[in-house]
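Topology and contacts: notes
Spelled out, the chains give:
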Amino acid sequence: MHKTTCLLVAFLAWQAAPFLPAQENPAPPKAPAETPGAQEPKSKAPPAPDQESAAPEQGPQEDRNQGEHSRGSRDAGKRTPAVLDRFTDVVATAARCTVRVSADKKPVALGTIVSTHGHVFTKASELDGEKKLTCRLHDGSVHPAKLVATNASFDVALLKIGAEGFTPPAWKNATDLPAGTFAAAPGAEDDVMAFGVLSLPLRDFSQTDRGYLGIRAGNGDGGARVDSVEPGTAASKSGLQARDIIESVDETKIANSNTLVRLLRNSKPEQRIKLGLIRDGEAITQEVVLGSYARFAGRTPRLSRNDRLGGPLSEDGWGYPSALQHDLVLAPGQCGGPLVTLDGKVIGINIARSSRIRTFAIPSEAVMALMTELGVPSPSESAAILEARKTLETLRKQLETAESAAHKAREAYRKAEAHLQELEGK
Amino acid sequence: MNLTHYFKASGHPRNRAAAGLAVAALLSASMPVSADGKIDDLQQLEARLIQTAERVRPAVVGIGGGSGVVVSEDGLVLTAGHVVPKAGRDITVRFLDGRTAKARSLGADLGRDCGMVRIEEPGEWPHVEISDAKPEIGQWVFGLGHPSGFQIKRGSPLRFGQVLRLGSYLVSDCAITAGDSGGPLFDMDGKVIGIHSSISNSITRNNHVPIKPFRDGWDRMLASETWGSRRAASRAVMGIMVDRQDESKGVRIGRIMPDSPSKTAGLEDGDLIVRFDGKNTDNYEAFYKLLSGKNPGDEVEVVVQRDGKEITAKLELAKRR
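Description of the structure in this document. Everything numeric here is computed off the predicted structure, so don't read it as measured data. (Residues numbered from 1 in each chain as written. Chains lettered and ligands numbered in written order. Predicted model: local features only at pLDDT ≥ 70, side-chain atom pairs only at ≥ 80, totals over all residues. Heavy atoms only, no water.)

The next thing to look at is the overall build of chain B. The number of helices and strands found in chain B is 6 helices and 21 strands. With 321 residues in all, chain B has 55% of them scored as buried. Across chain B, the fraction of contacts at a sequence separation of at least 24, relative to all contacts at a separation of at least 6, is 59%. Carbon together with sulfur atoms contributes 47% to the accessible area of chain B, which is approximately 14000 Å² in total. (Helix = DSSP H or I, 4+ residues; strand = E, 2+ residues; numbered from the N terminus. Buried < 20%, exposed > 50% of the residue type's maximum accessible area, 1.4 Å probe, protein only. Contact = heavy atoms within 4.5 Å. Areas by Shrake-Rupley, 256 points an atom, 1.4 Å probe, with all protein chains shown as cover.)

Here it is as structure tokens:
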């Protein structure tokens, strides 16, 4: 039984309420290694039966005759209508950009309309790729949606619905917003789903992030030997296999796995590298586009049992290159919609319910960059497109009119010509 | 923010940001304000939260795998009893500005989950005030701490909510988790009104120790006395281990202890207690409440469900060992 379980059992054995154990000292940061290391196991401590004497969640003194009884109110709390209703006006505009995404008629996530042309951002991992996607709009209409592109680092999917004329969100930068900034999330039906605050200022890991290959390697004959390839990583996508020997990286010969690790430590996500491999005795060159270390190495969040209490968590909930951490309580299926501040502006798109105490949103700065990357026209481009369409329509009408006039003129000319010939023929 | 390397090179310099701002400026003409000025209240509350949290945050320290809060300039620290269950231990207190200080655990009331620590290094430590005012249900409060352990680069995440219940615990909907133990719950003046202690499955069940038990045990804790126990909660026992994970309507016996009243009365592992002393026990809390009112030696009738049948047993409750 590993350490986490022992700690929890020790507490649970005498305490009914899942206590907050003084966390064991957090594990030292994983050596940034592509070399062998024990994969962090997902902490899933089996719950222990509790002694009846253990104090229930009300606390040890709750039921003694000390004249103090627990008083509470169902009307208190930030998830009650009394509080949420205060944000109805705040989210009203953003609510019109909020859609419900369904796969085979089953709601799976929310989405945010990001262009006049019906481009929608949503949470990629909540979509069941094969199924038929639809978006239910604020006005109640349901439109088929096509999956256009995804970005794995942010777990974002771009959908396109066949409707036009939307007002995209009023974006606001999230960079300088302090912890405590109020935020609300509209649902798909003019409701205020949740209210909370930014728990931390925007965290941007992109500066310190580095490239990630996704292998476990040891020392091999003349280089680094691939022991295993992690699924879904750059290594697996490029076809690297166990037993491959990596001899060189970008023409630089590597002596052993330590050299490989050192080279990778200085790389960047999305960087292209050329690997010189020996596979089954044959020399091969393999190009690899590196992934993000922050995103993929940190894939398994070290969630304690306490972190998992209080509601379902998104399966994909960790490691985004930049993220706003807030305390709005959202279900995984309520992610994908906009996050709104008191001035009605949208500072991000909610992307994951990560633990009991935290929900992540992609900041608007990153959303803008994603729009560029995935081919969504910017507002000015949209304006240009609409203008060009208007011009085309005007000219088409003019052309139609001109062609009709030309046709009439030709007719008149032929008639006149025929008449003249008649006269000359006499 | 340099995110370009997360995206394939697109090759088009697009003046996206400027255009976005232009559109935003147009759309922001309509700032939502409701007739009774509610938005102003929210803006004031927000400003107060931001400023107060920033002011008090430096006093929120890491103690081992938990948290604490400094309440005097010379370094008296309040924390949870279970963070420092043994007095007289040398510990290190960590501050968010990178400083660490040698400290010593003082006493603890383990029954109420109060604990104290004293920083031994001389200095003018960032600290906060304690509120002795009676908290009110519905009052706005905020929590700080070090969930999942002290992480200096991350800082201390802020959680905002309201007081939901008062009693032996102050219960709020500021979500807390492992690592937050011992950290402070603040009122909107930035005074400590609670110390994080425990949670339950519900997201709105976050238990904070109120200030009163700290005040009651203050001198004893300062004198490094440790007393109390969470076990001491119920005096009379049936001799069972309860399976809290079972979701049936009733109380599921996980295991019967040998030589116990339950064993003597013929109860078995897996029995579902549905009535205790003539009253329904739909859940553990209801059962526990009834049990706590009993004394060793009391005779009670217990009704359990076993294999679809209801069985009544008479027990003589025993003394906790």
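Further remarks concern the sheet that holds strand β7 (residues 142-151) of chain A. Residues and elements named next belong to chain A. Spatial ordering of the closed barrel is given by β3-β4-β5-β8-β7-β6, a layout of 6 strands whose pairing is antiparallel. Ignoring strand direction, the axes of neighbouring strands in this sheet form an average angle of 40°. Relative to strand β8 (residues 156-161), β7 runs antiparallel, the two sharing 6 bridges. Bridging across to β8, A145 finds its partner in I161. (Pairing = 2+ DSSP bridges. Axes fitted to C-alpha atoms, helices over the stretch in contact; angles between N-to-C directions.)

Residues and elements named next belong to chain A. Most of strand β15 (residues 245-249) is tucked away, with 4 of its 5 residues classed as buried. As paired strands, strand β14 (residues 223-229) and β15 are joined by 2 bridges and run antiparallel to one another. If you follow A224 over to β15, its bridge partner there is I246. Direction of pairing for β15 relative to strand β17 (residues 272-279): antiparallel, over a ladder of 4 bridges. Bridge assignment links I245 to a residue of β17, and that residue is I278. Taken together, the 2 bridges between β15 and strand β16 (residues 252-253) define a ladder with antiparallel strand orientation. Residue V249 lies in a different strand from β16, and its bridge partner there is T252. Remark: 2 residues form the turn of the hairpin made by β15 and β16, two consecutive strands paired antiparallel; D250 in that turn has positive phi of roughly 50°.

Bringing the packing of aromatic side chains into the picture now. How two aromatic rings sit relative to each other is set out by the distance from centre to centre and by the angle between their planes. This structure, assessed with the given rule, holds 14 aromatic pairs over all chains. On the numbers, 6.3 Å between centres and 80° between planes, the contact of F195 of chain A with F160 of chain B is edge-to-face. Of this pair, F195 of chain A sits in strand β10 (residues 192-197) while F160 of chain B sits in strand β8 (residues 159-166), each in a different chain. Its relative accessible area of 0% is what places F160 of chain B among the buried residues. For the ring pair Y284 of chain B and F287 of chain B, a centre distance of 6.3 Å and an interplane angle of 50° mean the geometry is tilted. Of this pair, Y284 of chain B and F287 of chain B both sit in helix α6 (residues 284-292), 3 residues apart, which is roughly one turn of that helix. By the burial criterion, Y284 of chain B is buried, and F287 of chain B matches it. Taken together, the ring pairs in this structure connect F87, F182 and F195 of chain A together with W140 and F160 of chain B into an aromatic cluster. The cationic tip of R99 of chain B hangs over the ring face of F95 of chain B; the distance from NZ or CZ to the ring centre is 5.6 Å. Just above the ring of W227 of chain B sits the side chain of R220 of chain B; from NZ or CZ to the centre is 3.9 Å. (Phe/Tyr/Trp six-rings, centres within 6.5 Å; stacked < 30°, edge-to-face > 60°. Lys NZ or Arg CZ within 6 Å of the ring centre and 35° of its normal.)

Here we take up the pairing of strand β7 (residues 140-143) of chain B. Residues and elements named next belong to chain B. A two-sided burial pattern is seen for β7, the buried positions comprising W140 and F142 on one face and V141 and G143 on the other. Pairing analysis gives 4 bridges linking β7 to β8, with the strands arranged antiparallel. Its bridge partner lying in β8, V141 is registered against G161. When β7 meets strand β10 (residues 184-186), the two strands line up antiparallel, connected through 2 bridges. Bridge pairing in β10 links G143 to L185.

This next bit is on unusual backbone geometry. Even without being a glycine, K105 of chain A presents a positive backbone phi close to 70°. Following the sequence through the fold, K105 of chain A ends up in the loop between β3 (98-103) and β4 (106-113). Judged by its relative accessible area of 78%, K105 of chain A is exposed. Backbone geometry places D307 of chain B, a non-glycine residue, at a positive phi of 50°. Its place among the elements puts D307 of chain B in the loop between β19 (299-306) and β20 (309-316). Taking relative accessible area as the criterion, D307 of chain B reaches 73% and is therefore assigned exposed.

Turning our eyes to something else, we now look at the environment of S322 of chain A. Residues and elements named next belong to chain A. If you trace the backbone, S322 turns up in strand β20 (residues 322-326). By relative accessible area, S322 is classed as buried at 0%. Along the chain, S322 and I362 lie 40 residues apart, while their C-alpha atoms are 6.7 Å from each other.

As a further point, take the nonpolar core. In this structure, F87, F121 and F182 of chain A together with F142 and F160 of chain B are the most contacted members of the largest nonpolar core, which totals 84 residues. For this core, the leading source of residues is helix α7 (residues 364-374) of chain A, giving 6 residues. Grouped together as the second largest cluster of nonpolar side chains are 21 residues, Y284, V304, L315 and L317 of chain B included. (Core = buried A, V, L, I, M, F, W, Y, C linked by side-chain atoms within 4.5 Å.)

Looking now at the side chain of S199 of chain A. Mapping S199 of chain A onto the fold places it in the loop between β10 and β11 (203-204). There is a polar contact of 2.6 Å between the side chain of S199 of chain A and the backbone oxygen of L158 of chain B. Non-local contacts of S199 of chain A, meaning those with residues more than four positions away in its chain, are made with A179, Q325, H326 and D327 of chain A together with S156, P157, L158 and R159 of chain B. (Polar contact = N/O pair within 3.5 Å; in protein donor to acceptor, adjacent residues only side chain to side chain.)

For α7 of chain A, the buried fraction is high: 10 of the 11 residues fall into the buried class. What α7 of chain A keeps buried is the set S364, E365, A366, V367, M368, L370, M371, T372, E373 and L374 of chain A.

All names here are of chain A. The set of residues buried in helix α5 (residues 257-265) consists of S257, T259, L260, V261 and L264. Those residues of α5 hidden inside the fold are in contact with β12 (211-212), β13 (215-220), β14, β15 and β17. Near the N-terminus of α5, the side chain that reaches the backbone nitrogen of N258, with its oxygen 3.1 Å away, is that of N256.

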